Amino acid sequence: MKVKEIKELTMEELDQQLQDIKKERFNLQLQQVSGQLENSARVKELRRTVARIKTIQNQNVEG
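A few points on the structure.

Brief notes about the overall build of the protein
Next up, step 1: Scanning the protein from terminus to terminus reveals 3 helices and 0 strands.
Next up, step 2: Reading the helices (α) and strands (β) of the protein from amino to carboxyl end gives α-α-α.
Next up, step 3: Seen through its C-alpha atoms, the protein measures out along the principal axes to roughly 45 × 15 × 15 Å.
Next up, step 4: Burial analysis of the protein (63 residues in total) assigns 21% to the buried set.
Next up, step 5: At a minimum sequence separation of 6, the contacts of the protein that also span at least 24 residues come to 65%.
Next up, step 6: Accessible area for the protein stands at about 4900 Å²; split by element, carbon and sulfur atoms hold 46% of it.
Next up, step 7: Each charge sign in the protein was given a centre, from 12 positive and 10 negative side chains, and these centres are 8 Å apart.

Regarding helix α3 (residues 41–62)
Next up, step 1: For α3, with 22 residues, the first-to-last C-alpha span of 32 Å sits near the 32 Å given by 1.5 Å per residue.
Next up, step 2: All of the buried residues in α3 are V43, L46, T49, V50, I53, I56 and Q57. The buried residues of α3 occupy one face: seen down the axis, they fall within an arc of 150°.
Next up, step 3: Those residues of α3 hidden inside the fold are in contact with α1 (3–7) and α2 (11–34).

Looking at the nonpolar core
Next up, step 1: Counting 11 residues, the largest nonpolar core consists of I6, L14, L18, I21, L28, L37, V43, L46, V50, I53 and I56.
Next up, step 2: The set of elements that each furnish at least two residues to this core consists of α2 and α3.
Next up, step 3: Per-element accounting of this core gives the leading share, 5 residues, to α3.
Next up, step 4: The residues touching L46, leaving out its near neighbours within four places in the chain, are I21, E24, R25 and L28.

Considerations on the environment of L30
Next up, step 1: Position of L30 relative to the elements: it lies in helix α2.
Next up, step 2: The class of L30 is partly exposed, set by a relative accessible area of 47%.

As for a positive patch on the surface
Next up, step 1: Side chains of K2, K44, R47, R48 and R52 sit close together on the surface and give a patch of like positive charge.
Next up, step 2: Residue placement: K2 occurs in the segment before α1.

How each quantity is defined
Residues take numbers from 1 onward in each chain, read along the sequence in its written order. Totals for whole chains, interfaces and linings use every residue, but because this is a predicted model, local features are given only for residues with pLDDT of at least 70 and side-chain atom pairs only at 80 or more, for both listing and counting. Excluded from the side-chain calculation are hydrogens and water; included are all heavy atoms of the structure. Helix numbers and strand numbers start at the N terminus; a helix is a DSSP run of H or I with at least 4 residues, a strand a run of E with at least 2. Each residue's exposure class comes from its accessible area (1.4 Å probe, protein chains only) as a fraction of the maximum for that residue type: buried when under 20%, exposed when over 50%, partly exposed otherwise. Whether two residues are in contact is decided by their heavy atoms, any of which lying within 4.5 Å being enough. Accessibility throughout is a Shrake-Rupley quantity obtained with a 1.4 Å probe, and a residue counts as covered only by protein chains that appear here. In this tally Asp and Glu are treated as negative and Lys and Arg as positive; neither His nor the chain ends contributes. One atom stands in for each charge, and that atom is NZ of Lys, CZ of Arg, CG of Asp or CD of Glu. Between the first and last residue of a helix there are one fewer steps than residues, each counted as 1.5 Å, and that sum is the expected span. Directions drawn from the helix axis to the C-beta atoms are what define this arc. By nonpolar core is meant a set of buried Ala, Val, Leu, Ile, Met, Phe, Trp, Tyr and Cys residues that side-chain atoms within 4.5 Å join together. Each patch is assembled from residues with relative accessible area greater than 30% and no salt bridge, linking like charges that lie within 9 Å and nonpolar side chains (Val, Leu, Ile, Met, Phe, Trp, Tyr) that lie within 5 Å. What counts as a salt bridge is simple: a side-chain nitrogen of Lys or Arg found within 4 Å of a carboxyl oxygen of Asp or Glu.

Listed below in structure tokens is the structure:
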């Protein structure tokens, strides 16, 4: 997800995105442990998206 897309979301939508990403990350971690993970770059992408979302949330709260 791009920063521009994230900035357009409401706080509730951001919270929902975080929940969805955490579920997906958990599933990917299970696949990685069992050796079934095909796209390991997706884990890194999700981790960065979480950081972007949390950054935008903090900016919205402070400003």
